[in-house]
Amino acid sequence: MILSKFVDELPIPPILKPRWKDQVHTYYEVNMTEFKQSLHSELNDTTVWGYEGSYPGPTIEVESGEKVFIKWINNLPDKHLFPVDNTVHGAHVDVPEVRTVVHVHGASVESESDGYPDAWFTKRFERVGPYFKKEVYQYDNNQKSVTQWYHDHALGITRLNVYAGLAGFYLIKDKQERLLNLPSGDYEIPLIIQDRSFHKNGALYYPNQPDKPIKGLETSIVPEFFGDTILVNGKVWPYLKVEPRKYRFRLLNGSNTRFYRIKLNSGQLIYQIGTDSGLMEYPIGIKEIILAPAERADIIIDFTNLAGKNIIVTNDAPAPFPDGDPANAVDTVMEFRISLPLTSIDTSVIPAYMVPLPKINEQLASKIRYLTLNDNMDKYGREFMLLDNKQWDAPITENPKLGSTEIWYLINLTTDTHPIHVHLIDFQVIDRRPFDVDKYNKEGVIYYTGSAIPPEPQERGGKDTVRANPKQVTRIIMNFGPYTGRYVWHCHILEHEDYEMMRPYIVSDV
């Protein structure tokens, strides 16, 4: 089924209003429900899951330092939209089929409110997971202005819950950002980019078996998922009417597996002003941006002097990334139409300098960890990936001390790029370096085959998700805190995360 491009206007998620707010606290309630929504005007309305009746969910906008409490409420049906594989960790037949737990991705938050995968809950909190602690989560928002997002994180079904629609933006704002005079208000737009496939009747399609079906299993997890259409803010290939002026876009790759290499077909520069963890030191002008699942980029596009033109946002990232078939790339994302009249003189700026970003000194690291990304086979002959060759239930081996600095060497022995996300903290990418995988597999020794590659210009800022490329050692440095407790680190390809490529870690104060 071929859908027409650029027939539907880009929706902009509403800003969620709190239930109450005073000088000290802000309180939200966020309901998860099933409903129908038009994802393309040539399709029947599609049954989706969403927060507050919207896919993607409404944007939660808070102030730096604001104490926010959120009650995430599961009002979903008992039956899942998609087939559940009961052989996957956390999704066995003895747990409810529909479970949710919300993680604000990028948040510095107490562990009880982080959305631990085994802290799930069902409708009316009738059943809860072994690590469930509280119904109302607390977010201290002790970070500078940053683009974060919230999404489901239930163990073993994250890929299905997010694909059903459980994702939305969470933005922290601050005074320093406002003083920079960046494009704002109607000229600041979040864009969540996702891929989906559809049945003829408009229903979402998600495979219940890999290409080679698994004998003896009715439903089996697939190693990765690539949809054949691209949605932005819940619309397939939308267009956005803009004025001939500067706009700020907060880009998020919200796909399960697909990477994007985004360009403008006008060939003009994109000005990047922020990474996963907030503003960069100074903007950079780039022709393309690579976004792995869960990565964000804060950008400005200047449409001045382009009145009457149409600009298409394109993608040419192979799938799987980086060595998959370029033919699997869905080459179109959306269209900008510079068709609106200028309502006022554009006084916004692309600042020469934004915020200081001191580099974390490698000498401060009290611990270096060597952590492998591994490829394995299960008893059904299915490929599954591991971190440090350990499964989810293995004893915890990453136990950083509160306030300590560590360097992690991510040693990728697989053929895929894995977006590795560490909860609680921001990190900095030190470098990547090619190494001999065969030698490592035989002798357990890193033998470098080339010199270190510094982080790409688009990664020179705080990060919470890093692309660990095949045949490379990726080094990241981070300081652990300000909270103690149990968190996770994992690959953000959701099919990998759901099938063992996730590990708990504990920050301790002793």
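Owing to the predicted nature of the structure, the values given are computational and were not obtained by experimental measurement. (Residues numbered from 1 in each chain as written. Predicted model: local features only at pLDDT ≥ 70, side-chain atom pairs only at ≥ 80, totals over all residues. Heavy atoms only, no water.)

## Details of the overall build of the protein chain
Scanning the protein chain from terminus to terminus reveals four helices and 31 strands. A compact globule built from 510 residues should have a C-alpha radius of gyration of about 24 Å, and the protein chain, at 22 Å, falls within 12% of that. Along the first, second and third principal axes, the C-alpha atoms of the protein chain reach 60 × 55 × 55 Å. Taking the contacts inside the protein chain whose residues are at least 6 apart along the sequence as the reference set, 77% of them involve residues at least 24 apart. Accessible area of the protein chain: about 19,900 Å², with a carbon and sulfur share of 50%. A distance of 1 Å separates the average location of the 54 positive side-chain charges in the protein chain from that of its 67 negative side-chain charges. (Helix = DSSP H or I, 4+ residues; strand = E, 2+ residues; numbered from the N terminus. Rg over C-alpha atoms; globule rule 2.2 N^0.38 Å. Contact = heavy atoms within 4.5 Å. Areas by Shrake-Rupley, 256 points an atom, 1.4 Å probe, with all protein chains shown as cover. Lys, Arg positive; Asp, Glu negative; His and termini not counted. Charge placed at Lys NZ, Arg CZ, Asp CG, Glu CD.)

## Describing the pattern of salt bridges
What the rule picks out here adds up to 38 salt bridges. Of the charged contacts, one joins Arg159 and Asp498 as a salt bridge, the two residues approaching to 2.9 Å between their closest N and O atoms. Taken together, the positions of Arg159 in helix H1 (residues 158-164) and Asp498 in helix H4 (residues 494-498) put the pair 339 residues apart, joining distant regions of the chain. Given a relative accessible area of 1%, Asp498 falls into the buried group. (Salt bridge = Lys/Arg side-chain N within 4 Å of Asp/Glu carboxyl O. Buried < 20%, exposed > 50% of the residue type's maximum accessible area, 1.4 Å probe, protein only.)

## Regarding the environment of Met502
Assignment of secondary structure puts Met502 in strand E31 (residues 502-507). Its relative accessible area of 1% is what places Met502 among the buried residues. Placed 345 residues apart in sequence, Met502 and Ile157 show a C-alpha to C-alpha distance of 13 Å.

## Concerning the environment of Asn256
Inspection of the secondary structure assignment puts Asn256 in the loop between strand E15 (246-253) and strand E16 (260-264). For the pair formed by Asn256 and Ala294, sequence separation is 38 residues and the distance between their alpha carbons is 8.8 Å. Apart from the residues lying within four places of it in its own chain, the contact partners of Asn256 are Arg159, Val162, Tyr163, Asp195, Tyr206, Pro293, His492, Ile493, Leu494 and Glu495. Among the polar contacts made by the side chain of Asn256, one reaches the main-chain carbonyl oxygen of Arg159 at a distance of 3.2 Å. (Polar contact = N/O pair within 3.5 Å; in protein donor to acceptor, adjacent residues only side chain to side chain.)

## Structural notes on unusual backbone geometry
Cis peptide bonds are those with omega within 30 degrees of zero, and the linkage from Tyr55 to Pro56 qualifies with -10 degrees. By secondary structure assignment, the location of Pro56 is in the loop between strand E3 (46-51) and strand E4 (57-63). Omega for the bond connecting Gly481 with Pro482 falls within 30 degrees of zero, at 0 degrees, which places this linkage in the cis form. Mapped onto the fold, Pro482 is located in the loop between strand E29 (472-479) and strand E30 (485-491). Not every positive phi belongs to a glycine, and Phe6 is a case in point at roughly 60 degrees. Take Phe6: it is sitting in the segment before strand E1 (20-21).

## Quick word on the sheet that holds strand E27 (residues 427-434)
Strand order in the open sheet made by the five strands is E24-E23-E25-E29-E27, with mixed pairing throughout. The two strands at the open ends of the sheet, each matched to only one other strand, are strand E24 (383-387) and E27. In this sheet, adjacent strand axes meet at a mean angle of 20 degrees when their direction is disregarded. Alignment of strand E25 (residues 405-412) against E29, held across seven bridges, turns out to be antiparallel. Across the sheet, residue Trp408 finds its bridge partner in E29, namely Ile476. (Pairing = 2+ DSSP bridges. Axes fitted to C-alpha atoms, helices over the stretch in contact; angles between N-to-C directions.)

## Some thoughts on the nonpolar core
Ranked by size, the top nonpolar core spans 97 residues in total, and within it Trp72, Tyr170, Phe249 and Phe336 carry the most contacts. Apart from the residues lying within four places of it in its own chain, the contact partners of Trp72 are Val30, Met32, Tyr51, Ile60, Val102, Val104, Phe121, Phe125, Glu135, Tyr137, Tyr139 and Tyr150. Counting residues in each nonpolar core, the second largest holds 30 residues, with Ala317, Phe321, Ala468 and Tyr483 among its members. (Core = buried A, V, L, I, M, F, W, Y, C linked by side-chain atoms within 4.5 Å.)

## Things to note about the pairing of E15
Burial analysis of E15 places eight of its eight residues in the buried class, the great majority of the element. Alternating residues of E15 divide into Lys246, Arg248, Arg250 and Leu252 and Tyr247, Phe249, Leu251 and Asn253, and every residue in both groups is buried. Sheet topology note: the strand E10 (residues 188-198)/E15 ladder contains six bridges and is parallel. Following the sheet pairing, Ile192 is matched in E15 by Leu252. As paired strands, E15 and strand E20 (residues 296-302) are joined by seven bridges and run antiparallel to one another. Residue pairing across strands places Leu252 opposite Arg296, the latter belonging to E20.

## A look at the packing of aromatic side chains
Counting across every chain of the model gives 31 aromatic pairs. Ring plane angle 10 degrees and centroid distance 6.0 Å describe the contact between Tyr247 and Phe249, whose orientation is recorded as stacked. Taking relative accessible area as the criterion, Tyr247 reaches 3% and is therefore assigned buried. Judged by relative accessible area, which is 0%, Phe249 ranks as buried. Look at Tyr247 and Phe303: their rings are 5.7 Å apart centre to centre, the planes differ by 70 degrees, and that puts the pair in the edge-to-face class. Note that Tyr247 is positioned in strand E15 and Phe303 in the loop between E20 and strand E21 (310-315), a separation of 56 residues in sequence. Accessibility classification places Tyr247 together with Phe303 in one group, the buried group. Taken together, the ring pairs connect Tyr187, Tyr247, Phe249, Phe303 and Phe336 into an aromatic cluster. We note Arg337 situated over the ring of Tyr239; from NZ or CZ to the ring centre the distance is 3.7 Å. The ring of Tyr448 has Arg433 lying over it, and the distance from NZ or CZ to the ring centre is 4.1 Å. (Phe/Tyr/Trp six-rings, centres within 6.5 Å; stacked < 30°, edge-to-face > 60°. Lys NZ or Arg CZ within 6 Å of the ring centre and 35° of its normal.)

## Observations concerning the side chain of Gln428
In this structure, Gln428 sits in strand E27. Look at Gln428 and you get buried, because its relative accessible area is 17%. In this structure the side chain of Gln428 is engaged in a polar contact, spanning 3.1 Å, whose partner is the backbone oxygen of Pro358. If near-sequence neighbours (up to four positions away) are discounted, Gln428 is found in contact with Pro358, Lys359, Ile360, Arg475, Ile476 and Ile477.

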